[in-house]
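If you want the building blocks of each chain, they are given just below.
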Amino acid sequence: MNQTTYIQQLPKVELHLHIEGSLEPEMMFALARRNKISLPFTSTEEVKSAYEFNDLQSFLDIYYQGANVLTHEIDFYDLTWAYLLRCQQDNVLHTEIFFDPQTHTERGIAFDTVINGIHKALEDGREKLGITSCIIMCFLRHLDEESAFLTLEQALPHKDKIIGVGLDSSELGHPPEKFARVFTKAHQEGFLAVAHAGEEGPVSNIYDSLELLKVHRIDHGVRCADDSSLVAQLAQSRMPLTVCPLSNTKLKVFAQMRDHNLVELLRQGLCVTINSDDPAYFGGYMTDNFLAIAQSHDVTNEELAQFTRNAIEASFISEEEKTQLMEKLNVFTG
Ligand code: HPA
Ligand code: ZN
């Protein structure tokens, strides 16, 4: 089997996916029409040509604008269902997805509308596609602490559907300490925790996410390479990094894919995983991200399978479910 086929067939687990970032231009137009919302674009081609980003902020501006078409529960259902069908194509067996409640509640969409639409699709995905999943809700770090506390309050009646909290949006200027008290409360309420850190921001954001937010995984985290003692600490503790190769090159965290450091970090013993982040905006889903790395790095099939092993290890499912996934992976790797 050649490496492309190996990658396509490799069982995968996704741990870093913003459901709003899976909104393809075609669905954006369909929902705009259905909900009578006007878009600043006249065609899907025009939308796609606007997806040229210089940095994280230039992406976020267009990403939040796109999310405006999501209005009713069925919209969130359709969005999530379309993503699950892509998971099926890419052999993704389990996925832990983010949503950004404030992107919707800030424009008057009820928290319940959002979570119920996403959750129903994930339930159907479990039943009809055999894909298991968890939901993580992210606080937007460009908004204030009070808004995050309010969002946490809104999530409490949905504890059965939400496994953890995360932190995303503009990293520069919005360090973890801004949300330390919210995360403390989230832990008290029984939520697990993750945070975007060390994507564009400095290594201090990784240290502070670990110490102040007590996260179980770091989202991105690739800038840890700036600090060798942090790399050693991450390797020793097996702290997972949810790395997103196509995102990192699109947002110019790395100039070219061959400059990406995730294979090196994997070889240094870190629990590195491969993920798609915002696939509709960055040019690819899980398989595309694996292929992009394999095409630009000399990486073995065993190393590619190790990314899935790491993702199973880093997932928020029970030990029993982890064992089941490892068994499926072992059947594939032989
Ligand atoms: N970084 C921060 N916030 C985000 C991202 C990201 O890569 N994608 C969606 N929201
Ligand atoms: Zn992200």
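Scroll up a little and you will see the structure.
None of the values given here were measured: they were computed from a predicted structure.

**Student:** Help me understand the site of ligand 1, please; the structure alone is not making it clear to me.
**Tutor:** With respect to spatial proximity, the complete set of residues near ligand 1 consists of H18, L56, F59, L60, Y63, D168, S169, H196, E199, H220, D277 and D278. In the model, a nitrogen atom of ligand 1 is placed 2.8 Å from a nitrogen or oxygen of the S169 main chain. Measuring from a nitrogen atom of ligand 1, one finds a side-chain N or O atom of E199 at 2.8 Å. Within the complex, 100% of the 260 Å² of free accessible area of ligand 1 lies under protein.

**Student:** Could you clarify how one ought to interpret the packing of helix α5 (residues 73-89) against helix α7 (residues 111-129) in this entry?
**Tutor:** The angle between the axes and the distance between the axes are what describe a pair of packed helices. Interaxial distance between α5 and α7 falls to 7 Å at its minimum, and their mutual angle equals 35 degrees. With respect to the hand of their crossing, α5 and α7 are arranged in right-handed fashion. Of α7, the residues touching α5 (which contributes E73, F76, Y77, T80, W81, L84, L85 and Q88) are T113, V114, N116, G117, I118, K120, A121, L122, D124, G125, K128 and L129. Here the contact of α5 with α7 is built from residues that sort into ten nonpolar, six polar and four charged.

**Student:** Is there a simple way to think about the coordination of the zinc ion (ligand 2) in this case?
**Tutor:** Where a metal carries four tetrahedral donors, each ideal angle is 109.5 degrees; where it carries six octahedral donors, the ideal angles are 90 or 180 degrees. Bound to the zinc ion (ligand 2) on the protein side are H16 (NE2), H18 (NE2), H196 (NE2) and D277 (OD), at distances that span 2.0 to 2.2 Å. Classification of the site at the zinc ion (ligand 2) rests on its four donor atoms, whose angles at the metal span 82 to 174 degrees, yielding the label irregular. H18 sits in the buried class, given a relative accessible area of 4%.

**Student:** Even after reading the chapter, I still don't get the pairing of strand β2 (residues 92-99), so can you show me in this structure?
**Tutor:** Taken residue by residue, a regular strand's side chains alternate between the two faces of the sheet. Within β2, seven of the eight residues are buried, leaving the element largely enclosed by the surrounding structure. By the bridge criterion, five bridges tie strand β1 (residues 12-18) to β2 in an arrangement that is parallel. Across the sheet, E14 pairs through a bridge with T95, a residue of β2. Bridging between β2 and strand β3 (residues 132-140) involves six bridges; their strand directions are parallel. The partner of T95 across the bridge, within β3, is S133.

**Student:** Teacher, can you tell me more about helix α8 (residues 145-155) here?
**Tutor:** Side chains three or four residues apart in an α-helix point the same way, a direct result of the helix having 3.6 residues per turn. Within α8, burial applies to S147, A148, T151, L152 and A155. Buried residues of α8, viewed axially, fall in a sector of 140 degrees; they line one side. When the buried face of α8 is taken as reference, the exposed residues oriented beyond 90 degrees from it are E146 and L150. Looking at the packing, one finds that the buried side of α8 touches α6 (101-105), α7, β3, β4 (164-168) and α9 (180-188).

**Student:** What exactly am I supposed to notice about the sheet that holds strand β8 (residues 272-274) here?
**Tutor:** Pairing between sheet strands relies on hydrogen bonds along the backbone, with the strands arranged either parallel or antiparallel. Strands sit in the order β1-β2-β3-β4-β5-β6-β7-β8 across an open sheet of eight strands; the sheet is parallel. This sheet does not close on itself; its edge strands, each paired only once, are β1 and β8. Neighbour-to-neighbour, the strand axes of the sheet open up by a mean angle of 25 degrees, direction not taken into account. Sheet analysis places strand β6 (residues 217-220) next to strand β7 (residues 241-243), joined by two bridges and oriented parallel. Pairing of D219 across the sheet is with T242, part of β7.

**Student:** Honestly, the packing of aromatic side chains in this entry has me stumped. Any pointers?
**Tutor:** Any two aromatic rings considered together are summarised by their centre-to-centre distance and by the angle between their planes. Going through the model one piece at a time under the given rule, you end up with 14 aromatic pairs. Each ring, one from F53 and one from F282, has its centre 6.2 Å from the other, and the planes form 90 degrees; the classification is edge-to-face. One end of the pair, F53, is in the loop between α3 (44-49) and α4 (56-66); the other, F282, is in helix α14 (residues 279-282), with 229 residues separating them in the sequence. Each member of the pair, F53 as well as F282, is classed as buried. By the ring-pair criterion, three or more aromatic residues cluster together here, those being Y51, F53, F59, Y63, Y64, Y281 and F282. The cationic tip of K12 hangs over the ring face of F290; the distance from NZ or CZ to the ring centre is 5.9 Å.

Rules of the game
- Residues numbered from 1 in each chain as written.
- Chains lettered and ligands numbered in written order.
- Predicted model: local features only at pLDDT ≥ 70, side-chain atom pairs only at ≥ 80, totals over all residues.
- Heavy atoms only, no water.
- Near = heavy atom within 4 Å.
- Polar contact = N/O pair within 3.5 Å; in protein donor to acceptor, adjacent residues only side chain to side chain.
- Areas by Shrake-Rupley, 256 points an atom, 1.4 Å probe, with all protein chains shown as cover.
- Axes fitted to C-alpha atoms, helices over the stretch in contact; angles between N-to-C directions.
- Helix = DSSP H or I, 4+ residues; strand = E, 2+ residues; numbered from the N terminus.
- Left-handed = near helix turned anticlockwise from the far one by under 90°.
- Contact = heavy atoms within 4.5 Å.
- Nonpolar A, V, L, I, M, F, W, Y, C, P; charged D, E, K, R; others polar.
- Donors = N, O, S within 2.8 Å, 3.2 Å for Na, K, Ca; no water.
- Tetrahedral: all angles 85-135°; square planar, octahedral: opposite > 155°, others 65-115°.
- Buried < 20%, exposed > 50% of the residue type's maximum accessible area, 1.4 Å probe, protein only.
- Pairing = 2+ DSSP bridges.
- Arc of directions from axis to C-beta.
- Phe/Tyr/Trp six-rings, centres within 6.5 Å; stacked < 30°, edge-to-face > 60°.
- Lys NZ or Arg CZ within 6 Å of the ring centre and 35° of its normal.

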